[in-house]
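Residue strings, one per chain:
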Amino acid sequence: MNPAPHPRPAPGLPGRRGLLGGLLAGAALAAVPALAAPARAGARPAPAPAGPRATRPLLLGTYTSEGGGGTGIGTAAYDTGTGAITPGPVITGVENPSYLAPHPSGATVYAVAEQGAGAVTAVAVGPDGTYEVLGSRPTGGSGPTHLSVHPSGRWLLSANYTSGSVAVHPIAEDGSLGERTDLVTHSSPPPGPGQGGPHAHQIVTSPDGGHVLAVDLGTDTVYTYALDASAGTLTEVSRAALAPGSGPRHLAFHPGGRFAYLACELDNTMVVCAYDPATGVLTPGPGQSTGTGSGVSSPAQPVVTGDGAYVYLANRGHNSLTRYAVEGGGAVLRLLDTVPVGGDWPRQLALSPDSSLLFAANQRSSTVTVFGVGPDGSLTGAGAPFPAPVAVCVLPLP
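Residues numbered from 1 in each chain as written. Predicted model: local features only at pLDDT ≥ 70, side-chain atom pairs only at ≥ 80, totals over all residues. Heavy atoms only, no water.

With respect to the overall build of the protein
- Secondary structure assignment for the protein yields zero helices and 30 strands.
- Counting the 398 residues in the protein, one finds 59% classified as buried.
- Sequence-distant contacts, at least 24 apart, represent 52% of the contacts inside the protein between residues at least 6 apart.
- On the protein, roughly 14,100 Å² of surface is accessible, and the fraction owed to carbon and sulfur atoms is 56%. (Helix = DSSP H or I, 4+ residues; strand = E, 2+ residues; numbered from the N terminus. Buried < 20%, exposed > 50% of the residue type's maximum accessible area, 1.4 Å probe, protein only. Contact = heavy atoms within 4.5 Å. Areas by Shrake-Rupley, 256 points an atom, 1.4 Å probe, with all protein chains shown as cover.)

With respect to the sheet that holds strand E30 (residues 393–396)
- Strand order in the open sheet formed by four strands is E4-E3-E2-E30, with antiparallel pairing between adjacent strands. Of all the strands in the sheet, just strand E4 (85–91) and E30 have a single pairing partner and so form its edges. Strand-to-strand, the axes of this sheet are offset by a mean angle of 25°, without reference to chain direction.
- With four bridges connecting them, strand E2 (residues 55–61) and E30 associate as antiparallel partners. Each residue of the ladder has a partner; that of Leu 58, found in E30, is Pro 396. (Pairing = 2+ DSSP bridges. Axes fitted to C-alpha atoms, helices over the stretch in contact; angles between N-to-C directions.)

Some words on the pattern of salt bridges
- This structure, assessed with the given rule, holds seven salt bridges.
- Here Arg 137 ties to Glu 179 by a salt bridge, and the two come within 2.8 Å at their closest N and O atoms. With a gap of 42 residues between them, Arg 137 in strand E8 (residues 130–138) and Glu 179 in the loop between strand E11 (165–170) and strand E12 (182–185) connect regions that are remote in the sequence.
- Salt-bridge contacts for Arg 239 lead to Glu 236; the nearest nitrogen and oxygen are separated by 2.5 Å.
- With a relative accessible area of 40%, Arg 239 lands in the partly exposed category.
- For Glu 236, a relative accessible area of 35% puts it in the partly exposed group.
- Each of the salt bridges in this network shares a partner with another, and the network as a whole consists of Arg 249, Glu 265 and Arg 316. (Salt bridge = Lys/Arg side-chain N within 4 Å of Asp/Glu carboxyl O.)

Some remarks on the state of the cysteines
- Tallied over the full model, the rule gives zero disulfides.
- Take Cys 273: it sits in no disulfide, and the sulfur closest to it among the cysteines is that of Cys 264, at 7.8 Å.
- On the basis of relative accessibility, which here comes to 0%, the residue Cys 273 falls in the buried class. (Disulfide = S-S within 2.5 Å.)

Description of the pairing of E8
- Counted residue by residue, E8 has eight buried out of nine residues, so it is predominantly covered.
- Taking the residues between adjacent antiparallel strands as the criterion, strand E7 (residues 119–125) and E8 are bridged by four residues, where Gly 129 takes a positive phi near 90°.

Quick word on the side chain of Arg 323
- Considering the arrangement of structural elements, one finds Arg 323 in strand E23 (residues 320–327).
- A relative accessible area of 12% means that Arg 323 is categorised as buried.
- Within the structure, Arg 323 has its side chain in polar contact with the backbone oxygen of Asp 376 (distance 3.1 Å). (Polar contact = N/O pair within 3.5 Å; in protein donor to acceptor, adjacent residues only side chain to side chain.)

Here we look at the pairing of strand E3 (residues 73–79)
- Counted residue by residue, E3 has seven buried out of seven residues, so it is predominantly covered.
- Side chains of E3 alternate between two faces, with Ile 73, Thr 75, Ala 77 and Asp 79 and Gly 74, Ala 76 and Tyr 78 buried alike.
- In this structure, E3 lies alongside E4, joined through five bridges in antiparallel fashion. If you follow Tyr 78 over to E4, its bridge partner there is Ile 85.
- Connecting E3 to the antiparallel partner E4 that follows it, the hairpin turn spans five residues, and Gly 83 within it adopts a positive phi of roughly 85°.

Thoughts on the sheet that holds strand E19 (residues 269–276)
- The strand order across the open sheet formed by four strands is E17-E18-E19-E20, and the pairing between neighbours is antiparallel. Here the strands that pair on one side only, and so sit at the sheet edges, are strand E17 (248–253) and strand E20 (281–288). On average, each strand axis in the sheet is tilted by 25° relative to the strand beside it, whichever way the strands run.
- Inspection of the sheet shows E19 paired to E20 by six bridges, in the antiparallel sense. Looking at E20, one finds that Asp 276 is bridged to Val 281.

Quick look at unusual backbone geometry
- With an omega dihedral of 0°, the bond running from Ser 188 to Pro 189 counts as a cis peptide bond.
- Note on placement: Pro 189 falls in the loop between E12 and strand E13 (200–205).
- Phi angles above zero are rare outside glycine, and Asn 268 is one such case at about 55°.
- Considering the arrangement of structural elements, one finds Asn 268 in the loop between strand E18 (259–264) and E19.

Section: the nonpolar core
- Counting 27 residues, the largest nonpolar core has Leu 59, Ile 73, Leu 100, Tyr 110, Leu 147 and Leu 156 as the members making the most contacts within it.
- Elements with a contribution of two residues or more to this core: strand E5 (100–102), strand E6 (108–113), E7, E8, strand E9 (144–149) and E30.
- The biggest single contributor to this core is E7, with five residues.
- Excluding residues that lie within four positions of it along the chain, Leu 156 makes contacts with Tyr 110, Val 120, Leu 147, Ser 148, Val 149, Ala 167, Val 168, His 169, Ile 171 and Leu 177. (Core = buried A, V, L, I, M, F, W, Y, C linked by side-chain atoms within 4.5 Å.)

What to know about the environment of Leu 333
- Within the fold, Leu 333 resides in strand E24 (residues 332–340).
- Owing to a relative accessible area of 7%, Leu 333 belongs among the buried residues under this scheme.
- Counting along the chain gives ten residues from Leu 333 to Arg 323, while the straight-line C-alpha distance between them is 9.4 Å.
- Setting aside its immediate chain neighbours within four residues, Leu 333 contacts Tyr 261, Met 270, Val 272, Gln 288, Val 311, Tyr 324, Ala 325 and Val 326.

Structure below.
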């Protein structure tokens, strides 16, 4: 986890801020300086260029604190055929949006405010491609680095890295957030060697929607919770212990829902985990190679293709993408190769909705690199890196 330097106070609870820029109604924007100017209220999208190719919206997370380099959530459009990215304006009024997640309806996007007094922010997405900041709510913890929306669309889940806690917020019909309904701090087991305390790094819902899993890098544990769908509260039902000092960071489920792939940041391994949807029990296997050799490298995030055939892993330090073939119905990962990411410190990965493109947010080089995904899972670079200030999250929208 690489927090923004000199975090600012929490943004509080601002009201509705008005429409922010007509941005991306399924068409590419005219070229403007990359993510430089804030979106202007009432602005309209540029006319779509002629041609058969479709473009879709792309959102970019960054840091806005002093020294961070960003000014809000970046917007862009990507060509669904070539992966080429066209820059757009910035959605302002959002502090340190270092991770983004969409609502299942597509009508709202949510961002963490990664700072000392953590918060989460809702941003409405209009049918014409306009965006409106709906306001923020405190998470009750510090340094939130991840969030996700429960498949029901009624609850926002967030993970506070610095304070080692997870939070739940209700989502209203218009996509705005209500007051927090729960906050759970990971007080046991004791932190791993040299890890200082609990550090919740991710919170996701299992594919069947039955359980919520929180990955804690500090306690080397994945916690499974049951979510009360009426009250918005979490009840722990299981724990999965990882190797001491391994530092589990992010997991991604196989679409079959019976296996998950867990990147361990501190010992540079990938772990295949069996998952029982009936009980919520996650059973980790042994750590296996990321293919990065003996040098220092910190795995960040795995992603799984929609057909469940391939897994990709971002490796910071080694600055590469590991490619695995999925075998045994999801139970086995076979290491194929590593590919240079074309940037520095790949913090986060995302696949396009059809898994034909892979996007990498490279924090230290302030770029997004794009790869075409072949039928055999091979990765082919798609053009020059796209400049984006302190790119720490990339979210392609359907």
